[in-house]
Amino acid sequence: MLDVQLKDYQEVFDDITDEAEYKRLYLRAESLLRGLTTRRIDNVVDPSDFRYSQVKATIIRVIHELHAKPSSSGIKIVSNDGYSEHYDSEQSWNESIEGTVRSMLSGTGLMGFM
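For clarity, every value in this text was computed on a predicted model and none was experimentally measured.

**Q** I keep staring at the overall build of the chain and nothing clicks. Help me out?
**A** When helices and strands are tallied, the chain shows 4 helices and 2 strands. Secondary structure of the chain in N-to-C order comes out as α-α-α-β-β-α. Per-residue burial over the chain gives 39% buried out of 114 residues. Residue pairs at least 24 apart in sequence account for 57% of intrachain contacts in the chain once pairs closer than 6 positions are excluded. By element, 49% of the accessible surface of the chain is carried by carbon and sulfur atoms, the whole surface being about 6500 Å².

Okay, structure coming up:
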């Protein structure tokens, strides 16, 4: 899987400044994305690959979502530029992140279909 550095993440979000915390979240995102794509995401490493920018943006978004994830089940409301996301359980958070990943990787073939 392509390596997205903290400085790349900070070009989009500024909520993580600690390198150790970022690395921990990156490893969790890597595991989650490898599972959702059955490791197809590992094939995208060349910047000339048409999927490269989509994969990079997806990795950044998943790290951000993991950082903002509620620590336990309960209700959390996150406002993002005019829309709100409500998570009331671990299952609904998992469904939400899977939907986000599917949407962001749409058309790449990485989720198992074109």
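Having seen the model, we can carry on.
**Q** For this particular structure, what's the right way to read the environment of lysine 7?
**A** In this structure, lysine 7 sits in helix α1 (residues 6-10). Judged by relative accessible area, which is 56%, lysine 7 ranks as exposed. Each C-alpha atom of the pair lysine 7 and threonine 17 lies 9.2 Å from the other, and the pair is 10 residues apart in sequence.

**Q** Is there a simple way to explain the packing of aromatic side chains in this structure?
**A** The geometry of an aromatic ring pair comes down to the distance between the two centres and the angle between the two planes. The full count for this structure, using the stated rule, is 3 aromatic pairs. Centroid distance tyrosine 9 to tyrosine 22: 5.7 Å. Interplanar angle 55°. Geometry classified as tilted. In this pair, tyrosine 9 sits in helix α1 while tyrosine 22 sits in helix α2 (residues 19-36), placing the two residues 13 residues apart along the sequence. Both residues of the pair, tyrosine 9 and tyrosine 22, count as buried. Taking the ring centre of tryptophan 93 as reference, the NZ or CZ of lysine 69 above it sits at 4.5 Å.

Calculation notes
- Residues numbered from 1 in each chain as written.
- Predicted model: local features only at pLDDT ≥ 70, side-chain atom pairs only at ≥ 80, totals over all residues.
- Heavy atoms only, no water.
- Helix = DSSP H or I, 4+ residues; strand = E, 2+ residues; numbered from the N terminus.
- Buried < 20%, exposed > 50% of the residue type's maximum accessible area, 1.4 Å probe, protein only.
- Contact = heavy atoms within 4.5 Å.
- Areas by Shrake-Rupley, 256 points an atom, 1.4 Å probe, with all protein chains shown as cover.
- Phe/Tyr/Trp six-rings, centres within 6.5 Å; stacked < 30°, edge-to-face > 60°.
- Lys NZ or Arg CZ within 6 Å of the ring centre and 35° of its normal.

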